[in-house]
Amino acid sequence: NDLHIRRFRLMSYWDEIEKVQGTYDFGVLDAQIKKITSHKGQITVCLGVRQPRWPESHWPQWAFDLPKETRDEHLLTFIRAVVQRYKSRPSIVSWQLENEALLKAFGRQGDFDRSRLRREFRMVKDLDSRPVIMTTSTSWGIPLRRPIPDIVGFSFYRMTYDKGAYRKSIYQPWIFKLRAGLIKLLWRRPCFIHELQAEPWGPKNIWEM
């Protein structure tokens, strides 16, 4: 209330909701949605295995140990369960499918599969009419291969710490304006910055610095 925040992105962490195969616990996410709704807020729910927060890919261990084809099917089942549970909530205005789904340079237990991503996208669009957001990384690039989302997000980080030194990004702010313009020209899709750096990347964890 003090900050007047009414726009939220919420996570559906698979490794927390389905710790045991076939047993779902949506208690935390239910409570978050209820609280935001009571304050007339709007929500984007993130879907899939790759969602913000280390280690980025949030596989339940029981699923990650399965053969890839079987693992993929369980992921689709989980995404379907999340969408079907919440698609009747008017406070949810959009879905985010995966988070920087094809960014291979960060996180653990990455399983980067464009064909599976296309299946995920088609399924979500079949289940609900709300717009689907997908996100890229800071690095240069525009979506040329499908799936092409309804809304494109990209992150904007100016300072990073790598190999003992702080480094300033080579990507200037005008690059992001150009990216947004090209995406609008090619796909008639809007863009926004989904991550704007507010934390200091450094040699230690934030709470240690």
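For the structure itself, look to the data block above.
Here is a short report on the structure shown in this document. Bear in mind the structure is a predicted one, so any value in this text is a computation, not a measurement.

### A look at unusual backbone geometry
Logical step 1: Cis geometry marks the peptide bond from W54 to P55; its omega dihedral reads 10°.
Logical step 2: Along the chain, P55 turns up in the loop between β2 (42-47) and α3 (61-64).
Logical step 3: Here R146 and P147 are connected by a cis peptide whose omega angle stands at 10°.
Logical step 4: For P147, the location among the structural elements is in the loop between β4 (132-135) and β5 (151-156).
Logical step 5: The backbone of K163 shows a phi angle near 55°, a positive value even though the residue is not glycine.
Logical step 6: Here K163 is to be found in the loop between β6 (159-162) and β7 (165-168).

### What to know about a nonpolar patch on the surface
Logical step 1: A surface patch of nonpolar side chains, about 610 Å² in accessible area, is lined by M159, Y166, I206, W207 and M209.
Logical step 2: Topologically, M209 is positioned in the segment after β8 (191-196).

### Considerations on the packing of aromatic side chains
Logical step 1: For the structure on display, the rule yields 11 aromatic pairs.
Logical step 2: With a centroid separation of 4.5 Å and an interplanar angle of 55°, the aromatic rings of F156 and F176 are classed as tilted. Here the residue F156 occupies a position in strand β5, and F176 occupies one in helix α6 (residues 173-187), the gap between them amounting to 20 residues. Residue F156 shares its accessibility class with F176, and that shared class is buried.
Logical step 3: Sitting above the plane of the W59 ring, R71 keeps its charged end 5.1 Å from the centroid.
Logical step 4: Residue placement shows R179 over the ring face of F154; its charged tip is 4.4 Å from the ring centre.

### Things to note about the nonpolar core
Logical step 1: Grouped together as the largest cluster of nonpolar side chains are 32 residues, with contacts concentrated most on W14, L47, Y86, W95, L97 and V124.
Logical step 2: Those elements that provide at least two residues to this core are α1 (14-17), α2 (27-38), β2, α3, α4 (68-86), β3 (92-97), α5 (114-127) and β4.
Logical step 3: For this core, the element with the most residues is α4, which contributes seven residues.
Logical step 4: Among residues more than four places away in sequence, those in contact with L97 are L47, L117, E120, F121, V124, V132, I133 and M134.

### Looking at the pairing of β6
Logical step 1: Here four bridges tie β6 to β7, and the two strands are oriented antiparallel to one another. From the neighbouring strand, Y161 faces β7, where its bridge partner is Y166.

### Quick look at the environment of R89
Logical step 1: Counting through the fold element by element, R89 comes out in the loop between α4 and β3.
Logical step 2: We classify R89 as partly exposed; its relative accessible area is 27%.
Logical step 3: Separated by 46 residues in sequence, R89 and I43 place their C-alpha atoms 9.7 Å apart.
Logical step 4: Ignoring sequence-local partners within four residues, the contact set of R89 consists of D30, I33 and R130.

### Observations regarding the environment of Y171
Logical step 1: For Y171, the position within the fold is in the loop between β7 and α6.
Logical step 2: We classify Y171 as partly exposed; its relative accessible area is 24%.
Logical step 3: Expressed as a C-alpha distance, the spacing of Y171 and F156, which sit 15 residues apart in the sequence, is 9.1 Å.

Conventions used here
- Residues numbered from 1 in each chain as written.
- Predicted model: local features only at pLDDT ≥ 70, side-chain atom pairs only at ≥ 80, totals over all residues.
- Heavy atoms only, no water.
- Helix = DSSP H or I, 4+ residues; strand = E, 2+ residues; numbered from the N terminus.
- Patch = residues over 30% accessible without salt bridge, like charges linked within 9 Å, V, L, I, M, F, W, Y side chains within 5 Å.
- Areas by Shrake-Rupley, 256 points an atom, 1.4 Å probe, with all protein chains shown as cover.
- Salt bridge = Lys/Arg side-chain N within 4 Å of Asp/Glu carboxyl O.
- Phe/Tyr/Trp six-rings, centres within 6.5 Å; stacked < 30°, edge-to-face > 60°.
- Buried < 20%, exposed > 50% of the residue type's maximum accessible area, 1.4 Å probe, protein only.
- Lys NZ or Arg CZ within 6 Å of the ring centre and 35° of its normal.
- Core = buried A, V, L, I, M, F, W, Y, C linked by side-chain atoms within 4.5 Å.
- Contact = heavy atoms within 4.5 Å.
- Pairing = 2+ DSSP bridges.

All we've got here are geometric facts, nothing functional implied.
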